[in-house]
Protein chains: 2
Amino acid sequence: MDRLQERIEEAATLIRDIVLRTPLLENDALNDELGLRVLVKAECLQKTGSFKARGALNFVLRRGEAPDAHFVGFSSGNHAQGLAYAAHIVGARATVLMPASAPARKIAGTRAFGAKVEILTDFFADRARRAADFVAAGAILVPPFDHEDIIAGQGTVGLEVAAQAARRKLQPDAFFVPASGGGLLAGSASAVRHAFARCRIVAVEPHGFDDFARSHAAGRRLTIEAGASTLCDGLMSPQPGEIPFEIVKTLSPDFDTVTDGQVTNAVRILFERFNLVVEPSGAAAFASLLSQANAMQGATAVVVVSGGNVDQSLFTRLLSEPSSHI
Amino acid sequence: MDRLQERIEEAATLIRDIVLRTPLLENDALNDELGLRVLVKAECLQKTGSFKARGALNFVLRRGEAPDAHFVGFSSGNHAQGLAYAAHIVGARATVLMPASAPARKIAGTRAFGAKVEILTDFFADRARRAADFVAAGAILVPPFDHEDIIAGQGTVGLEVAAQAARRKLQPDAFFVPASGGGLLAGSASAVRHAFARCRIVAVEPHGFDDFARSHAAGRRLTIEAGASTLCDGLMSPQPGEIPFEIVKTLSPDFDTVTDGQVTNAVRILFERFNLVVEPSGAAAFASLLSQANAMQGATAVVVVSGGNVDQSLFTRLLSEPSSHI
């Protein structure tokens, strides 16, 4: 834990002048209506539109600036852009393997940084196999979450939250963060817990993709059966990462799942109350917080809004759907 | 000028713990495509969804916390919300006079802070007359721009830009800011010029509402004939404010106008590249910057994106219109 904190602080120093220090946003009227204080860590405003730039950049920079290096990765989109961006920063080549179902905007965003994109099937195994081919030919795989440098990079989100909360003399009671493979969860929640020892961690997954919660309960990593569907294309990893899983064990988080309806509602509220464009995966933790607001009266909660790369057609559809809450 | 700078610094100290320090956002891929470095000062993320909270708060706080005070103002919406918010913060009463054409979201946002809203006609004179009635009955008028405390409050935008640019070791070549009555222009451009003596100031107005540019050229305040239409509901003031006009004289800015088409395009690019929800008025300065990009190759430009309170129906319509640029 202390070693991880050191790695997170090193990562912060390494990437500080390249990534943005995203704001901790607040809306007083919403706070009054909910009966609690909500602070939104807006990683949808981060370079590349999600927190993924942090981990990829830390990973790539720690390998030294190598213009002849070739970085490869597979991703449904946000890690793809983070990796393409990091390679662009050091002037290295990048190839990213993406599923055919990836949002158009994420594919375009990856190409915008000069990365080569290969579109494969939606089967995770296909991408992993193709990545192995590149690695065999000398490329460096940038893992999406299961690596200490990635976890430390994503952990800088939590380090910033701790500094920003301290500056405002806040003592967060809860920290809501999306789970997926666990890079962001493990890194950022560790940093928050390091600063605020009694802060409750809430790890959020889409309904039907609660592999992390089930693995945590079982004490070993379980794999989700494919079959369910979700709007949250960024939170579909079938299994927790090995390193994140072990770190998260020590954090004893609560777990929660959210439905597509809750996520849609959260996207709309983030539009109306914060003027943010948030993708479904990025709104999942906020959706969970909304569902727990009644039980948290008077509390201070920080929620990571992790990404905003949503296609315009989906975004406008989500905004126009009838709402249930607030 | 030095006196104004002092007032801006005092305002910053007064409002610091209440308003947000909004981020200076950047998108590397967009920078590469445009051939210049663009820094977006995202005031659409400010409390109340626009910079107007700063000036209103400074004005109200400088009058002392007076729970029995009654503040009154007239506004198409963003000053309305700023004023309602400021009164809410000190626990005072607020009444805001708004035109019938004000966006629904701005009316709702004003009411959310407990202010009383009176909807009048779209004629500016009607609102001014009704406000005078309230003042005669003891209410304190919070002027939208023509007051030193308002200008100093809006000036804190420029103070933050200067600090954020210095921290990144940037020397902005140009500062793009919307004009309207001139509170934001006068205050923020003064603070930026104070920090960067050679920074070009570009004051932006909607096509057909260039009263500030024409007044500046004529050397006296002119009034625009009603008649033109614009998407920029927040930039329709018929005449520059008296105090802003005199301050702006000393700044020798360039002026520019933008069409509804340019503004629509800017709203869409701010959505796609920055994940920001921006209202037309808030995108005007960014639209001007895009139109000047070819002549500014290699430059560093800061642009104030001043507000984000756009109705969902208009926003989705703007996003779906075919684009011309980038």
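Each value, and the rule that gives it
Residues numbered from 1 in each chain as written. Chains lettered and ligands numbered in written order. Predicted model: local features only at pLDDT ≥ 70, side-chain atom pairs only at ≥ 80, totals over all residues. Heavy atoms only, no water. Contact = heavy atoms within 4.5 Å. Buried area = accessible area lost by both parts, 1.4 Å probe. Salt bridge = Lys/Arg side-chain N within 4 Å of Asp/Glu carboxyl O. Pairing = 2+ DSSP bridges. Helix = DSSP H or I, 4+ residues; strand = E, 2+ residues; numbered from the N terminus. Phe/Tyr/Trp six-rings, centres within 6.5 Å; stacked < 30°, edge-to-face > 60°. Buried < 20%, exposed > 50% of the residue type's maximum accessible area, 1.4 Å probe, protein only. Lys NZ or Arg CZ within 6 Å of the ring centre and 35° of its normal. Least-squares fit on C-alpha atoms with pLDDT ≥ 70 in both. Domains from an automatic or database assignment. Expected span 1.5 Å × (residues − 1). Core = buried A, V, L, I, M, F, W, Y, C linked by side-chain atoms within 4.5 Å.

Asks: Looking at this model, I keep getting lost on the interface of chain B and chain A. Mind explaining?
Replies: In many analyses, interface size is given as the accessible surface area lost on bringing the parts together. Opposite the 35 residues of chain B that make contact, chain A presents 35 residues. Here chain B packs against chain A, burying approximately 2700 Å² in sum over the two surfaces, 59% of which is carbon and sulfur. Taken together, chain B and chain A are joined by two salt bridges. In this structure, the salt-bridge partner of Asp28(A) is Lys47(B), at a minimum N-O distance of 3.1 Å.

Asks: Would you take a moment to explain the sheet that holds strand β5 (residues 116-120) of chain A for this structure?
Replies: Adjacent strands of a sheet form backbone hydrogen bonds with each other and so pair up, either parallel or antiparallel. Reading across from one edge, β5-β4-β3-β6 (chain A) is the order of the four strands in this open sheet, with parallel pairing throughout. At either end of the open sheet lies a strand with only one pairing partner, and these are β5 and β6 (140-141) of chain A.

Asks: Which parts of the structure should I look at to understand the packing of aromatic side chains?
Replies: Geometry of an aromatic ring pair is reported as the spacing of the ring centres plus the angle between the planes. Summed over the entire model, instances satisfying the criterion amount to 12 aromatic pairs over all chains. Pairing Phe274(A) with Phe286(A) gives two aromatic rings, centres 6.3 Å apart and planes at 85°, and the pair type is edge-to-face. In this pair, Phe274(A) is assigned in helix α11 (residues 260-274) and Phe286(A) in helix α12 (residues 280-292), connecting sequence segments 12 residues apart. Taking relative accessible area as the criterion, Phe274(A) reaches 4% and is therefore assigned buried. Three or more aromatic residues joined by ring pairs form one cluster here, namely Phe271(A), Phe315(A), Phe271(B) and Phe315(B). Looking at Arg63(A), its charged tip hangs above the ring of Phe59(A), at a distance of 3.9 Å from the centre. Geometry around Phe271(A) places Arg105(B) over its ring, the cationic atom sitting 5.4 Å from the centre.

Asks: Help me understand the relation of the copies chain B and chain A, please; the structure alone is not making it clear to me.
Replies: A rotation about some axis, followed by a shift along it, carries one copy of the chain onto the other. Expressed as a screw transformation, the operator carrying chain B onto chain A has a rotation angle of 180° and an axial translation of 0.0 Å, and the superposed copies differ by an RMSD of 0.0 Å. What we have between these two chains is a two-fold relation. Interface residue correspondence from chain B to chain A reaches 100%, placing this contact among same-surface, isologous pairings.

Asks: Just checking my understanding: could you explain the domain arrangement of chain A for this structure?
Replies: Residues and elements named next belong to chain A. For chain A, the domain assignment lists domain 1 (3-50 + 148-319) and domain 2 (52-141). Taking only C-alpha atoms into account, the centre of domain 1 sits 23 Å from that of domain 2. At the junction of the two partners, domain 1 supplies 30 residues and domain 2 supplies 22 residues. Carbon and sulfur atoms make up 52% of the surface buried where domain 1 meets domain 2, a total of about 2300 Å² over both sides. When residues of domain 1 are sorted by the area they lose upon contact with domain 2, Thr48, Asp149 and Asn309 head the list and together hold 25% of the total. Linking lysine 106 and aspartate 233 is a salt bridge whose minimum nitrogen-to-oxygen distance equals 2.6 Å.

Asks: Help me understand helix α8 (residues 183-195) of chain A, please; the structure alone is not making it clear to me.
Replies: An α-helical turn contains 3.6 residues, so a residue and the one three or four places further along point in the same direction. The end-to-end C-alpha distance of α8(A) is 19 Å, a good match for the 18 Å that 13 residues give at a rise of 1.5 Å each. For α8(A), a buried count of 11 out of 13 residues is recorded, marking the element as mostly surrounded by other parts of the structure.

Asks: What exactly am I supposed to notice about the nonpolar core here?
Replies: One recurring pattern in soluble globular proteins is that nonpolar side chains are buried together. With 91 residues, the main nonpolar core has Val40(A), Phe286(A), Val40(B) and Phe286(B) as its most contacted residues. In contact with Phe286(B), other than residues within four places in its own chain, are Leu30(B), Val38(B), Val40(B), Ala266(B), Ile269(B), Leu270(B), Phe274(B), Val303(B) and Val305(B). By size, the runner-up hydrophobic cluster in this structure holds 35 residues, among which are Leu4(B), Ala11(B), Leu24(B) and Phe245(B).

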